[in-house]
There are 2 protein chains.
Amino acid sequence: MSNEKGPDHSRRRERSRQAILAATRALVAEEAYEKVTVEAIAARAGVGKQTIYRRWPSKSAVVFAAVLALSEGADGQSVALPDTGDLEADLKLVMRATAEEFADPAFDRLIRALTTEIANDAALAAEYRERLAQPLQEAKKARLRSAQEAGQLDPGADLDLVLEVLYAPLFQRWLHRGAPLTAAYADSLVDATLRAFAP
Amino acid sequence: MSNEKGPDHSRRRERSRQAILAATRALVAEEAYEKVTVEAIAARAGVGKQTIYRRWPSKSAVVFAAVLALSEGADGQSVALPDTGDLEADLKLVMRATAEEFADPAFDRLIRALTTEIANDAALAAEYRERLAQPLQEAKKARLRSAQEAGQLDPGADLDLVLEVLYAPLFQRWLHRGAPLTAAYADSLVDATLRAFAP
């Protein structure tokens with residue numbers, strides 16, 4: 001008799017987890033968010049509904065896990081921002097990539113769904129901050145600290161504020177679909193931020 | 001026989017409209033947003049459900065109307081920003097008031113509900129921009145243009161970008177419940193924006 005908790009079981013469990021998260025991302029990219037149900041995710045993933053509910057309490061929890069999984073497999077290093085010694089060039093590279101990512105329809109719908117859940121669920125918002133936003137925030141701050149040491153950024157600047165001034169306009173423009181997220185726009189945010197927090 | 005389309009009819013119609021919008025604001029402030037229904041709004045307002053559906057196609061449309069109504073009665077003038085000639089002082093006044101407004105629980109829940117609807121409904125987002133965001137945006141730009149003429153702001157600055165750098169961090173911090181919206185925080189956004197777009 002096979003050991004239920006042995007390596008085969010772990011592999012099966014991990015395969016089913018990956019199938020559920022991939023199904024979630026696919027469905028959210030295809031359908032109006034309110035029409036995506038745990039039942040539909042289970043059917044697409046080829047598992048029973050209870051397999052999902054044993055692991056996650058709600059649709060929003062599965063959607064959050066599906067977003068988290070996008071940054072899995074990345075080791076600690078790969079979250080780090082580029083540091084060529086040229087802050088302006090490094091930030092423009094990152095902000096242009098961010099603008100492109102948000103402009104991608106599949107990513108757009110997934111993050112829009114998560115943003116909606118977070119806006120109305122204070123507990124999920126706290127988990128989002130702890131597990132996703134803060135680690136990214138710390139990686140970005142490490143790059144800014146290096147710039148402070150290199151004399152390229154006000155050494156007294158509040159780095160949370162610097163990151164908000166840099167990223168929040170892009171986030172808001174995306175959320176309200178105010179205008180296209182172009183590379184020129186990404187650059188203009190870097191320029192404004194560097195002027196605001198010049199040494 | 002009374003004239004159905006006469007002044008009495010108009011007054012009754014306006015009273016019922018106001019009752020529906022007040023009921024919407026009250027319910028959204030009290031209940032989890034997904035639990036607020038058109039039926040509950042009708043019951044609270046003392047009208048039939050069809051009275052609501054004759055005027056608005058959906059819950060999100062009623063919620064949007066309830067937010068719009070908050071700026072009703074304001075004539076064109078009162079939307080204008082203060083202009084004492086001191087840009088920094090005027091913007092700090094406005095940003096502190098904005099921070100306070102978002103920190104108010106009743107306003108918080110109403111705007112959170114609207115933000116959620118807008119995030120997932122491109123048509124409502126467009127209507128929001130046209131009827132609410134753009135008129136406010138124009139009033140703010142008029143104040144910034146006056147500052148440009150007075151030599152207090154870069155005359156070549158993109159005013160949409162200036163307003164995003166000023167407001168988006170506050171909006172994002174509020175939406176993600178990142179940290180309290182204090183007067184000091186409001187001031188720091190004005191300071192950063194004025195440095196970024198100094199003449």
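Okay, so let's go over this structure. In this text, all values refer to a predicted model and were calculated from it rather than measured experimentally.

Thresholds applied
- Residues numbered from 1 in each chain as written.
- Chains lettered and ligands numbered in written order.
- Predicted model: local features only at pLDDT ≥ 70, side-chain atom pairs only at ≥ 80, totals over all residues.
- Heavy atoms only, no water.
- Helix = DSSP H or I, 4+ residues; strand = E, 2+ residues; numbered from the N terminus.
- Axes fitted to C-alpha atoms, helices over the stretch in contact; angles between N-to-C directions.
- Parallel < 35°, antiparallel > 145°, perpendicular 65-115°, else oblique.
- Left-handed = near helix turned anticlockwise from the far one by under 90°.
- Contact = heavy atoms within 4.5 Å.
- Buried area = accessible area lost by both parts, 1.4 Å probe.
- Salt bridge = Lys/Arg side-chain N within 4 Å of Asp/Glu carboxyl O.
- Polar contact = N/O pair within 3.5 Å; in protein donor to acceptor, adjacent residues only side chain to side chain.
- Nonpolar A, V, L, I, M, F, W, Y, C, P; charged D, E, K, R; others polar.
- Expected span 1.5 Å × (residues − 1).
- Buried < 20%, exposed > 50% of the residue type's maximum accessible area, 1.4 Å probe, protein only.

Examining unusual backbone geometry
Part 1 of the argument: The phi torsion at Arg177 of chain A lies on the positive side, around 50°, for a residue other than glycine.
Part 2 of the argument: Along the chain, Arg177 of chain A turns up in the loop between helix H8 (159-175) and helix H9 (183-196).

With respect to the packing of H8 of chain A against helix H10 (residues 183-196) of chain B
Part 1 of the argument: Interaxial distance between H8 of chain A and H10 of chain B falls to 11 Å at its minimum, and their mutual angle equals 60°. On the basis of the axis angle, H8 of chain A is oblique to H10 of chain B. The interaxial crossing formed by H8 of chain A with H10 of chain B has right-handed handedness. Across the interface between the two elements, Leu161, Glu164 and Val165 of chain A of H8 of chain A pack against Tyr185, Ser188, Leu189 and Ala192 of chain B of H10 of chain B.

Section: the interface of chain A and chain B
Part 1 of the argument: In this complex, chain A contributes 31 residues to the contact, which on the side of chain B involves 31 residues.
Part 2 of the argument: Between chain A and chain B the total buried area reaches about 2900 Å² when both faces are included, carbon and sulfur atoms providing 59% of it.
Part 3 of the argument: Among the residues of chain A in contact with chain B, Glu164, His176 and Arg177 of chain A are the three that bury the most area, contributing 19% of the side total.
Part 4 of the argument: Run the count over chain A and chain B and you get two salt bridges.
Part 5 of the argument: Joining chain A to chain B, the criterion identifies 14 residue pairs in polar contact (both at pLDDT 80 or more).
Part 6 of the argument: For the side of chain A that touches chain B, the secondary structure elements donating two or more residues are helix H6 (105-119), helix H7 (122-149), H8 and H9 of chain A.
Part 7 of the argument: With ten residues, H8 of chain A is the single largest residue contributor to the side of chain A that touches chain B.
Part 8 of the argument: Of the residues in the side of chain A that touches chain B, the class split is 17 nonpolar, seven polar and seven charged.

Some remarks on helix H1 (residues 7-30) of chain A
Given 3.6 residues per turn, any residue in an α-helix points the same way as the ones three and four places further on.
All names here are of chain A.
Part 1 of the argument: Taking 1.5 Å per residue as the helical rise, H1 with its 24 residues ought to reach 34 Å, and the 35 Å between its terminal C-alpha atoms agrees with that figure.
Part 2 of the argument: The set of residues buried in H1 consists of Ser16, Arg17, Ile20, Leu21, Ala23, Thr24, Leu27 and Val28.
Part 3 of the argument: Buried residues in H1 make contact with helix H2 (38-45), helix H3 (49-55), helix H4 (59-70) and H6.

Points about the pattern of salt bridges
Part 1 of the argument: Taken as a whole, this structure holds 28 salt bridges over all chains when the rule is applied.
Part 2 of the argument: In this structure, Lys141 of chain A engages Glu138 of chain A in a salt bridge whose closest nitrogen and oxygen atoms are separated by 3.8 Å. Here Lys141 of chain A and its partner Glu138 of chain A are both found in helix H7, three residues apart, which amounts to about one turn of the helix.
Part 3 of the argument: Lys141 of chain A sits in the buried class, given a relative accessible area of 11%.
Part 4 of the argument: For Glu138 of chain A, a relative accessible area of 42% puts it in the partly exposed group.
Part 5 of the argument: A salt bridge links Lys92 of chain B to Glu88 of chain B; its shortest N-O distance comes to 2.8 Å. Residue Lys92 of chain B and its partner Glu88 of chain B are both found in helix H6 (residues 87-103); the two are separated by four residues, about one turn of the helix.
Part 6 of the argument: We classify Lys92 of chain B as buried; its relative accessible area is 16%.

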